[in-house]
Amino acid sequence: MRFFFRRLRHACFLLFGVSILAFLFTTLAPGNYFDEMRLNPQIAPETMAALRAQYQLDRPLPVRYVSWMNSVLHGQMGFSFAYNSPVAPILFVRARNTLLLTITATLIAWGIALPLGVWSAERFGRLPDRLLSWATAALLVIPDLALALGLLVLTVRTGWFPTGSMTSLDFGSLSLGGKFRDLALHMTLPVAALVLSGLPLLIRHVRAAVAEVLDAPFMLAARGHGIPRRTLLYRYALRVAANPLISLFGFSIGALLSGSLLVEVVMSWPGLGPLLLESILSRDLYVVIDGVLFSTMFLVSGNLIADILLYWADPRIRTESAAR
Amino acid sequence: MTMRRPLAKWLVILGVLHAIVVCAGFFAPYDPIEQDRKNPYLPPMPLHLLDAQGHLHLRPFAYALKLREGTFDQYEQDTSQSVPMKFFRSGAGYRLLGFLPSRIHLFGSEDARICLLGTDAYGRDQFSRLLYGGQISLLAGLLGAGCTLSIGLCVGAAAGYFGGWRDDALMRVAELFLALPWLYLLFALRAFLPLSVSPLKAFFLIVAVIGAVGWARPARLVRGVVLSAKERDFVRAARGFGATDSYLLRRHILPETSSVLLTQAAILIPQYVLAEMTLSFLGLGVPEPAPSWGNLLSNLQQYSVLVSYWWMYLPALAMVPFFLGYLGLASSLQERLEPYKIERRSPGSLA
Amino acid sequence: MQPLLRVEKLVKCYERQNVFGSREKLLALDGVSFAVAQETTLAVVGESGSGKSTLGFCISCLEIPTSGSIWFEGRDIVVLAESERRKLRPQIQLIFQDPSNSLNPRWSVEEILLEPLNLKGKLKREETKQRAVALMTQVGLSSDMFQRSPAQLSGGQRQRLAIARALALEPRVLILDEALSALDCSVQAQIANLLIELQRTLGMTYLFITHDLAMAAHLADEIAVMNRGRVVEQGPAQNILRHPKEEITRHLLAAIPSLDNAERPPLES
């Protein structure tokens, strides 16, 4: 329990630090939303000043930070100039969509990487293993951007899957099963892009970790005891290899999140990515900060989950923290 | 010495690839910003050795393109009009390596243009733009990686060598930077820089932004090396001879970090080239008309281009050989650094 | 006679942060006192972890002791400012146990040997070179090894090189921190004899830190036995050897291999 609280405290510290960093970077930016407006001769300078005062843009930085923080804690998360509404409702919908994408991609990627990595480690150095290694290497050298665009070009030309947005136009009129099918079809392309870009690294790490365990003397001893191969592989080897893999899990969430930003923009998936891009271009200050904060929160919670899994999987950490 | 062979191989491959991009003026047949409004979105023109009548030509040639009957953007090969490739032909002026004025191009043609990868909306030759764009993208990657590594080196060395509260503070900040998803961070940083700026300024902004984002990981690695290096007996011995801190850092400790820095460079450069591509692709990077690998692809964001002009995608694949080279370099560098581990990993490693 | 080096109630306490962020205290030196006269050898003998290496680091100004004082040539070097300590360090040189770690593997023999001379400055290029050749002959190495890397030398040659490098600054005190332990027996004897000869010709004072009581008896005039950060027994070498008072000394004596079993004191578990 103490272990958990320490990790939680650390996560809060990270979030707090990131909020300050994001706030600093974005508010120090020369130019804001209303500067773009100033070029418009129809708006009087007095109106501009009034607007600036209304949104506290004329106040000193710490005051603005505190008032923004206050707004975050009250669940509003600042004000969007472009949408003329609190940021929270806009952001939550987008964040939900991003989460839907990343969580699905994470599950699928691990669902493929784990058995494939173990399978490959078992045949370490033999032909199937080498073929898989070359395949992952080939995937690894295709840049994310090229991969996402390539899939998009392919799909648009073949028309196998719908592209762009999350749902069809007639989504509202579909039955529940039809809605699910429609959503799944629309998700296929972005999820495929995410999975393919994350997969090679995962497979390689799983393979390396398991291969290392399989070589250990205690595995030889266990084999000597006559423990069946499957049990040996999945119950023994995988559990020992769990430690590096769980850390990798936390890392993979961050990688997929970064990747999803690009994929969402390329595939016009209405997640955080396009929102962030749009708000950067229009200098919609608080949306940018909140977007960064949200994605950091996902990442930090991913690491927190990894930590908890590690605590559960690795007896050494449990005893260390119990002893204290 | 067998271990040096893959390293040399990858270095040669990368050297050749970079030389092609550095000498883009020579390898590219045309000026990258020269427009040909009459020929937008030309498809790639394949080179032939056999003509339509089945005769073999020693000189490769392409067929000129003509509009298909009844369309306004569909081209077909005009087999009656062959455009032979002319080598070492004089064409648009350029400066080789940035200072040698020259007009000689590897290839060119007499009348119609040979556009190996087609043309874009303004009829600019994609192949030439690809080569010139590489200069910008690769330079951004190299400079960005240099930036990151120098920040990482300074921070890591300071944290590791002086320790104490400086170490704590610096590593806390590094943790913060590691917690941010890096593409988002790149965005956030770019957000606070002016949006519309001149290409040159935009380029340096991008390099600075990309370079400033990734310092945390190398800083942690350098710190680790410095921490272990400063406990080595030869450092203690030198201190015993009356050496100052700056001497110890310069002569004994920083040289120990060179291998880590090299490996990090091989990992970071392609990442940063990709970062530049992403930013420019999204319109936050190098602006038109200057070509970069990112903004060459940005018109793929239009659905009509996606549907009708698939060849606009081809420049995306330009990165692949570079990625391959850097990945190979990184893994062979790693193998040299961890000679124990290679025995296990070699069948799977890229080299 | 005024001793060259006098240590009084020296305490060194390390505070170490473990992986989980809690601090642990470790008392490496717990009130150590002794004195060494000029041109003599004091052997500090103890098991590993008894704090003898820390003692060496403290005396050679590489670590700052927590409390206590170290008097060298009439000055307490513990309270000196860092710049003063830096000037003092060349006077008290340390030879490390493992020469493959104390010689920078990236450097050539010549660079390694010239390092202290270059740091001292003052000498011209030609003089430096001559001095380097002289030092090499002094420790029994030939100067045609200059371009080799330390990895290409044998263990004994490396330790000779380390000694030559330490001698370059003409120190008053040489601290030998397990300097012979990593070497083969025959090489140990060669280096030990080299050390005795150097002491005779250069008038050096040695602090010989070791776990090997036999070698200590061979080299030292006096022996101090350390256990858990304290000096438990001290006296002339022959006295300690013949009439050990403390349990730990008897243990160390028992560890000396001997051909004559009858002379061996019984080993208690």
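Since we're looking at a predicted model, the values are computed, not measured.

Let's talk about the overall build of chain A
Check the secondary structure of chain A and you find 14 helices and two strands. Counting over 324 residues, chain A shows a buried share of 38%. Of the contacts formed within chain A by residues at least 6 apart in sequence, a portion of 73% connects residues at least 24 apart.

Some remarks on the overall build of chain C
Assigned secondary structure in chain C consists of ten helices and ten strands. Relative to the compact-globule value of 18 Å for 269 residues, chain C shows a C-alpha radius of gyration of 19 Å, a close match. Seen through its principal axes, chain C has C-alpha atoms that stretch 60 × 50 × 45 Å. Within chain C, the fraction of its 269 residues that count as buried is 39%. In chain C, of all internal contacts separated by at least 6 residues, the share reaching a separation of at least 24 is 67%.

Thoughts on the nonpolar core
All names here are of chain A. Of all hydrophobic cores here, the largest spans 244 residues; its most connected members are A148 and V210. Looking at this core, the element that brings in the most residues is helix α8 (residues 176-214), giving 16 residues. Leaving out residues up to four positions away in the same chain, V210 has contacts with G117, V118, A121, A237, L238 and A241.

Here we look at the interface of chain A and chain B
Facing 49 residues of chain A, the contacting portion of chain B comprises 38 residues. Secondary structure elements with two or more residues in the side of chain A that touches chain B: α1 (2-27), α6 (127-140), α7 (144-158), α8, α11 (242-266), α12 (272-281) and α13 (285-313) of chain A. Take the side of chain A that touches chain B: its biggest share by element is nine residues, from α7(A). Considering only residue class, the side of chain A that touches chain B consists of 32 nonpolar, ten polar and seven charged.

Observations regarding the sheet that holds strand β1 (residues 48-50) of chain B
Residues and elements named next belong to chain B. If you trace the three strands from one edge of the open sheet to the other, you get β1-β2-β3, paired in antiparallel fashion. Edge positions in the sheet fall to β1 and β3 (75-84), since each of these pairs with one other strand and no more. The sheet shows a mean angle of 50° between the axes of neighbouring strands, taken without regard to direction. In terms of strand pairing, strand β2 (residues 56-67) meets β3 through seven bridges, oriented antiparallel. Bridge assignment links K66 to a residue of β3, and that residue is E76.

Here's the deal with the domain arrangement of chain A
Interface size, as often reported, equals the accessible area lost upon joining of the parts. Residue and element names in this part refer to chain A. For chain A, the assigned domains are domain 1 (2-86) and domain 2 (88-323). Using only C-alpha atoms to locate each centre, domain 1 and domain 2 end up separated by 32 Å. Taken residue by residue, the interface counts 30 residues in domain 1 and 25 residues in domain 2. Only α1, α2 (33-38), β1 (79-80) and β2 (85-86) provide two or more residues apiece to the side of domain 1 that touches domain 2.

Brief notes about the pairing of strand β5 (residues 100-108) of chain B
All names here are of chain B. Judged from the seven bridges that link them, strand β4 (residues 86-96) and β5 form a sheet pairing that is antiparallel. The partner of S90 across the bridge, within β5, is I104. Counting the residues between successive antiparallel strands, the hairpin from β4 to β5 contains three residues, one of them, L97, with a positive phi of roughly 55°.

Details of helix α10 (residues 247-254) of chain C
All names here are of chain C. Every buried residue of α10 is listed here: T249, L252 and L253. End-on, the buried residues of α10 take up no more than an arc of 100°, which puts them together on one face. For α10, the elements touching its buried residues are β3 (41-46), α8 (213-219), β9 (222-227), β10 (230-236) and α9 (237-242).

Focus: the packing of helix α4 (residues 109-120) of chain C against helix α5 (residues 125-138) of chain C
Residue and element names in this part refer to chain C. Remark: α4 packs on α5, axes separated minimally by 10 Å, with the N-to-C direction vectors making an angle of 115°. In terms of their interaxial angle, α4 and α5 are classed as roughly perpendicular. Like other packed secondary-structure pairs, α4 and α5 cross with a definite hand, here right-handed. Two secondary-structure elements touch here, α4 through E110, L113, L114 and L117 and α5 through T128, R131, A132 and L135.

With respect to the confidence of the model for chain A
Across chain A, pLDDT averages 81, with 90% of residues at or above 70. Helix α5 (residues 87-122) of chain A holds the highest mean pLDDT among the elements of chain A, 89, whereas α2(A) holds the lowest, 62.

Let's talk about helix α1 (residues 52-59) of chain C
All names here are of chain C. With eight of its eight residues buried, α1 lies for the most part within the structure. Here α1 has its buried residues at K52, S53, T54, L55, G56, F57, C58 and I59. Trailing α1 by a residue or two, C61 shows a phi angle of about 65°, which is positive.

A closer look at the packing of helix α4 (residues 164-179) of chain B against helix α7 (residues 216-230) of chain B
The description of two helices packed together rests on the angle between their axes and the distance between the axes. All names here are of chain B. It is at 9 Å that the axes of α4 and α7 come closest, and there the two elements cross at 140°. Here α4 is positioned oblique relative to α7, judged by the angle of their axes. Of the two possible hands of crossing, α4 and α7 adopt the one that is left-handed. Taken together, the residues of α7 that come into contact with α4 (itself represented by A174, F177 and L178) are A216, R217, A219 and R220. Of the residues assigned to the contact of α4 with α7, the class counts are five nonpolar, no polar and two charged.

So, the confidence of the model for chain C
When pLDDT is low, close inspection of the predicted coordinates is not appropriate. Per-residue confidence for chain C gives a mean pLDDT of 84; residues scoring 70 or more make up 92%. Here the predicted complex scores 0.81 on pTM and 0.84 on ipTM.

Considering the sheet that holds strand β8 (residues 205-210) of chain C
Residues and elements named next belong to chain C. Strand order in the open sheet formed by six strands is β6-β7-β8-β3-β9-β10, with mixed pairing between adjacent strands. The open sheet has two free edges, formed respectively by β6 (92-95) and β10, since each of these has just one partner strand. Along the sheet, successive strands turn relative to each other by an average axial angle of 15°, direction set aside. Bridge count for strand β7 (residues 173-177) against β8 is five bridges, and the pairing is parallel. Counted as the bridge partner of V173 is T205 from β8.

A short note on the environment of C:L183
All names here are of chain C. With respect to the element layout, L183 can be found in the loop between β7 and α7 (185-202). Along the primary structure L183 and Q91 are separated by 92 residues, whereas in three dimensions their C-alpha atoms are 26 Å apart. Ignoring sequence-local partners within four residues, the contact set of L183 consists of G155, G156, Q159, Q188 and I191.

Some remarks on unusual backbone geometry
At B:F88, a position not held by glycine, the phi torsion is positive, near 50°. The backbone phi angle of C:E170 is positive, close to 50°, even though this residue is not glycine. In this structure, C:E170 sits in the loop between α6 (155-167) and β7. With 13 C-beta atoms packed within 10 Å, C:E170 lands in the partly exposed category.

Quick look at the pairing of β7(C)
Residues and elements named next belong to chain C. Burial of β7 is extensive: five of the five residues sit out of reach of the surface. The alternating pattern of β7 places V173, I175 and D177 on one face and L174 and L176 on the opposite face, and all of these are buried. By the bridge criterion, four bridges tie β6 to β7 in an arrangement that is parallel. When the bridges of β7 are listed, I95 appears paired with L176. For the segment spanning β7, α7 and β8, crossover handedness is right-handed.

Focus: the environment of A:N84
Within the secondary structure layout, A:N84 lies in the loop between β1 and β2. Along the chain, A:N84 and A:E212 lie 128 residues apart, while their C-alpha atoms are 56 Å from each other.

What counts and what doesn't
- Residues numbered from 1 in each chain as written.
- Chains lettered and ligands numbered in written order.
- Predicted model: local features only at pLDDT ≥ 70, side-chain atom pairs only at ≥ 80, totals over all residues.
- Helix = DSSP H or I, 4+ residues; strand = E, 2+ residues; numbered from the N terminus.
- Buried ≥ 20, exposed ≤ 12 C-beta atoms within 10 Å, placed from the backbone.
- Contact = placed C-beta atoms within 7 Å.
- Rg over C-alpha atoms; globule rule 2.2 N^0.38 Å.
- Core = buried A, V, L, I, M, F, W, Y, C linked by C-beta atoms within 7 Å.
- Nonpolar A, V, L, I, M, F, W, Y, C, P; charged D, E, K, R; others polar.
- Pairing = 2+ DSSP bridges.
- Axes fitted to C-alpha atoms, helices over the stretch in contact; angles between N-to-C directions.
- Domains from an automatic or database assignment.
- Arc of directions from axis to C-beta.
- Parallel < 35°, antiparallel > 145°, perpendicular 65-115°, else oblique.
- Left-handed = near helix turned anticlockwise from the far one by under 90°.
- pLDDT = per-residue confidence, 0-100.
- Right-handed = clockwise from strand over helix to strand, strands pointing away.

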